[in-house]
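Below, each chain spelled out in residue letters.
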Amino acid sequence: YLAQDPHNPTLLADVADLQLQLGDWAAAKASLQQLLNAKPGDAQARYLMAVAERAAGDAARAASLLQALIEEGQAHPVVLQELARCQAQQGRWAAVCSTLLALNPAELPPDQGDAVRLLRIRAWHHQGELEEALAEARRWQAERASDLPLQGRAAIATLLLDLEHVDEAAQLLAPIDEAT
């Protein structure tokens, strides 16, 4: 269909989304650029372009695109999370914390809330703010008790080890050992 209608924004968006899912960053960026040439103000296309840029390794360009969206009033949770991922990729941990302050993980869908908590814990941990990270970890553990995601368990266990809570870290990782 796209060959017959190469400027169709809906088709371009669908193709770009598929290319992103397949990890073909260059093709996704090309499709998104074509879409943005047709619809320069399309916020979804600009967001996806930022995702593609970060995935392709250009976190600074991605952050710039996302910051522009935020300045235009598009400070949606997914945009803020993607900006925080860019900042983390750049090692800008204080910026990650600042970006995520506006989000309450408990008010987000579970996968988004988990992503926010994971980024916060990692950011505070990298900055040496271990008590802040531990408080966030405790809140996450209380909310997700038995179904804490694997990445969350690993991040919290690493934090616990740095705090010399070896037994608690081992206990947290025990369900992982039993599953393997």
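Reading the values: rules and limits
- Residues numbered from 1 in each chain as written.
- Predicted model: local features only at pLDDT ≥ 70, side-chain atom pairs only at ≥ 80, totals over all residues.
- Heavy atoms only, no water.
- Core = buried A, V, L, I, M, F, W, Y, C linked by side-chain atoms within 4.5 Å.
- Buried < 20%, exposed > 50% of the residue type's maximum accessible area, 1.4 Å probe, protein only.
- Contact = heavy atoms within 4.5 Å.
- Helix = DSSP H or I, 4+ residues; strand = E, 2+ residues; numbered from the N terminus.
- Salt bridge = Lys/Arg side-chain N within 4 Å of Asp/Glu carboxyl O.
- Expected span 1.5 Å × (residues − 1).
- Polar contact = N/O pair within 3.5 Å; in protein donor to acceptor, adjacent residues only side chain to side chain.

1. What about the nonpolar core?
Counting residues in hydrophobic clusters, the biggest one holds 52 residues, and the most contacted among them are L32, L66, V96 and I156. If we skip the residues at most four places from it in the chain, I156 touches I121, A137, W140, Q141, L148 and L172.

2. Quick look at the side chain of H125
Considering the arrangement of structural elements, one finds H125 in helix α7 (residues 110-126). In this structure, H125 is in contact with L130, A133, T158, L159 and D162, ignoring residues within four places of it in sequence.

3. Things to note about the pattern of salt bridges
Within this structure, the stated rule accounts for 13 salt bridges. Across the pair R120 and E136 runs a salt bridge, and its minimum N-O distance is 3.6 Å. Within this pair, whereas R120 is found in helix α7, its partner E136 is found in helix α8 (residues 130-144), the two being separated by 16 residues in sequence. E136 matches R120 in its accessibility class, with the two residues each being buried. Several salt bridges converge on common partners, so that one network encompasses R117, R120, E136, R139 and E143.

4. Focus on the side chain of E53
Residue placement: E53 occurs in helix α3 (residues 43-55). E53 gets classed as buried once you look at its relative accessible area, which sits at 7%.

5. Topic: helix α1 (residues 9-22)
Between its terminal C-alpha atoms α1 stretches 20 Å, which fits the 20 Å expected from 14 residues at 1.5 Å a residue. Among the structural elements, α2 (25-38) and α3 are those in contact with the buried residues of α1. Structurally, the start of α1 carries an N-cap: the backbone nitrogen of T10 is 3.0 Å from a side-chain oxygen of N8.

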